[in-house]
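# Structure at a glance
Spelled out, the chains give:
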Amino acid sequence: LGLIANAHLVHADKEEKGIFSQKCIDLAQLHSDAVDFPKTGQCPELKGDLRPDRYPDFMMKSDKPQYRSERIIGKLFRQCQALDNAQRFSPDPVVEDSGLDQDLIREGFDVYIDNARAELKIYNTKLSSIMSLYGIDSEGEVVSGCILKVKQRLGLLKNERFEVTEYVRARFKTLWTKTRAEFFKQFEGDELPADRRKEEQLKKASAWYV
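Residues numbered from 1 in each chain as written. Predicted model: local features only at pLDDT ≥ 70, side-chain atom pairs only at ≥ 80, totals over all residues. Heavy atoms only, no water.

Right, let's talk about a nonpolar patch on the surface for a bit. Taken together, the side chains of L9, I72, I73 and L76 present a nonpolar region at the surface, about 350 Å² in accessible area. It is helix α4 (residues 72-89) that contributes the most residues to the nonpolar patch, three residues altogether. Structurally, I73 is set in helix α4. For I73, a relative accessible area of 44% corresponds to the partly exposed category. (Patch = residues over 30% accessible without salt bridge, like charges linked within 9 Å, V, L, I, M, F, W, Y side chains within 5 Å. Areas by Shrake-Rupley, 256 points an atom, 1.4 Å probe, with all protein chains shown as cover. Salt bridge = Lys/Arg side-chain N within 4 Å of Asp/Glu carboxyl O. Helix = DSSP H or I, 4+ residues; strand = E, 2+ residues; numbered from the N terminus. Buried < 20%, exposed > 50% of the residue type's maximum accessible area, 1.4 Å probe, protein only.)

This part is about the pattern of salt bridges. Overall, the coordinates contain eleven salt bridges when judged by the stated rule. R106 is the partner of E199 in a salt bridge, and the nearest nitrogen-oxygen pair spans 3.0 Å. Taken together, the residues span a long stretch of sequence, with E199 in helix α8 (residues 194-209) and R106 in the loop between α4 and α5 (113-134) at a distance of 93 residues. The exposure class of R106 is partly exposed, given its relative accessible area of 35%. As a salt-bridge pair, R169 and E166 come within 2.9 Å of each other at their nearest N and O atoms. Of this pair, R169 and E166 both sit in helix α7 (residues 161-185), three residues apart, which is roughly one turn of that helix. When its relative accessible area of 40% is taken as the criterion, R169 is described as partly exposed.

Structural data, given as structure tokens:
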């Protein structure tokens, strides 16, 4: 199956009509016959000009004769290689510490600093629990839902990664909702004028930012 599939990929790249060429059509039939081999007992054979003599560069067969593919896969392959090489050999970028955004600092925020530290501790504890459960490396992966790697645990199949990602997203959404509710909790039912309440909320938001 692998040989036939590789041959199909080569001829789809080389032939002018691509997958609609006669060679690709013949190889597709051979592939179908190979799939049915356990039932039919008839093993197809890759013969003659259907067997590739050269391979496109994107297949990375260093032990075989290669050629430069001008199809879109070949162009994408070389662009990705160029980016990979640029990142590999470029010095690490220097990231300057920009400090705090002064536009987000509200005068009088310090009265909420203790509260901010306590809530941050609670948030970090719950976030760390989510991350350690599945071996997630960064908060950014949890927040964005773009999990790069999931820790393989006993009973966790590779095809369950999607379910794990959805579970992590649901857990973080719950954490975010509870944290937000905790922020506004002290302002519920207060008798402050609307403009004063807004000012206090901005001070608290500033403390949580710092």
